[in-house]
Amino acid sequence: MAILNVNPTRMEMKRLQGRLKTASRGHKLLKDKTDEMIRRFIALAEENKRLREETEQELAAALQSFAEARAVTDSRVVEEAILMPSRNVSIQTSSRKVMGIDVPSITVSDSGGEMYPYSFLSVCEQLDDSVRGLNAVVVKLIKLAETEKTCNMLAEEIEKNKRRVNALENIMIPQLTETIKYIKMKLDESERSATVRLMKVKDIINV
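About the criteria used
Residues numbered from 1 in each chain as written. Predicted model: local features only at pLDDT ≥ 70, side-chain atom pairs only at ≥ 80, totals over all residues. Heavy atoms only, no water. Helix = DSSP H or I, 4+ residues; strand = E, 2+ residues; numbered from the N terminus. Buried < 20%, exposed > 50% of the residue type's maximum accessible area, 1.4 Å probe, protein only. Contact = heavy atoms within 4.5 Å. Patch = residues over 30% accessible without salt bridge, like charges linked within 9 Å, V, L, I, M, F, W, Y side chains within 5 Å. Areas by Shrake-Rupley, 256 points an atom, 1.4 Å probe, with all protein chains shown as cover. Salt bridge = Lys/Arg side-chain N within 4 Å of Asp/Glu carboxyl O. Lys, Arg positive; Asp, Glu negative; His and termini not counted. Charge placed at Lys NZ, Arg CZ, Asp CG, Glu CD. Core = buried A, V, L, I, M, F, W, Y, C linked by side-chain atoms within 4.5 Å.

J.: Honestly, the overall build of the protein chain in this entry has me stumped. Any pointers?
T.: Secondary structure assignment for the protein chain yields three helices and two strands. Counting from the amino terminus, helix and strand elements in the protein chain follow one another as α-α-β-β-α. The 207 residues of the protein chain split such that 25% are buried. Across the protein chain, contacts joining residues at least 24 apart in sequence account for 76% of those joining residues at least 6 apart.

Right, dumping it as structure tokens:
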């Protein structure tokens, strides 16, 4: 490990010891933060997996019902039945803090109203199942998007923190430690040289 290019003085050694203490404390804090972020990420990843599986199953069921409705009912009748939606869903976006990171927070507001924008007499029950399933899956799709984005942002921050931890652990802290050892060695050499000179001077004076 290459040492820093510094003057081997006591003042410099004291300054570097302060930097080493700060770097060591920062390394511990960053490592603890990274560990906690990984724990949060695993929990969110599991939630994301559950939501994705549920959403895909419900969406597939709704689309299957829609395909069956088109198979047993005239396509024009189906298209006319669902042409004009009777419900409005609004989305409000904001942010929240997760381990110091601003992650998205999405709130879904339903205007209410009738779920089925058509007369039951004109269509089959498979279309009812499809509309009901799609209405139910919309909120889960939005929640899935929020959770997935949060996971991605946490993963990016974990990688950044890992790089910082590695830089402190493998470069900065060893470099500071070696430089402090080098300065201490130089100062010890200077003290020994000064002691030898004093002894020679005393010998000359005594002669």
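Let's pick the thread back up.
J.: For this particular structure, what's the right way to read a positive patch on the surface?
T.: The grouping of Lys-33, Lys-160, Arg-163 and Arg-164 at the surface amounts to a positive patch. Looking at the positive patch, the element that brings in the most residues is helix 3 (residues 125–206), giving three residues.

J.: How do you make sense of the nonpolar core when you look at a structure like this?
T.: A general feature of soluble globular proteins is that nonpolar side chains tend to end up buried together. Formed by 13 residues in total, the largest nonpolar core has its most connected members in Leu-16 and Ile-183. Counting residues per element, this core draws most heavily on helix 3, at seven residues. Aside from chain neighbours lying at most four places away, what touches Leu-16 is Leu-4, Val-6, Leu-176, Thr-179, Ile-180 and Ile-183. In this structure, Met-37, Leu-44, Cys-151 and Ile-158 belong to the second largest nonpolar core, which totals eight residues.

J.: Is there a simple way to think about the side chain of Glu-157 in this case?
T.: Within the element layout of this structure, Glu-157 appears in helix 3. Buried and unpaired, Glu-157 has Arg-164 as its nearest opposite-charge partner, separated by 4.0 Å. Residues within four places of Glu-157 in sequence aside, it is in contact with Met-37, Ile-101 and Arg-164.

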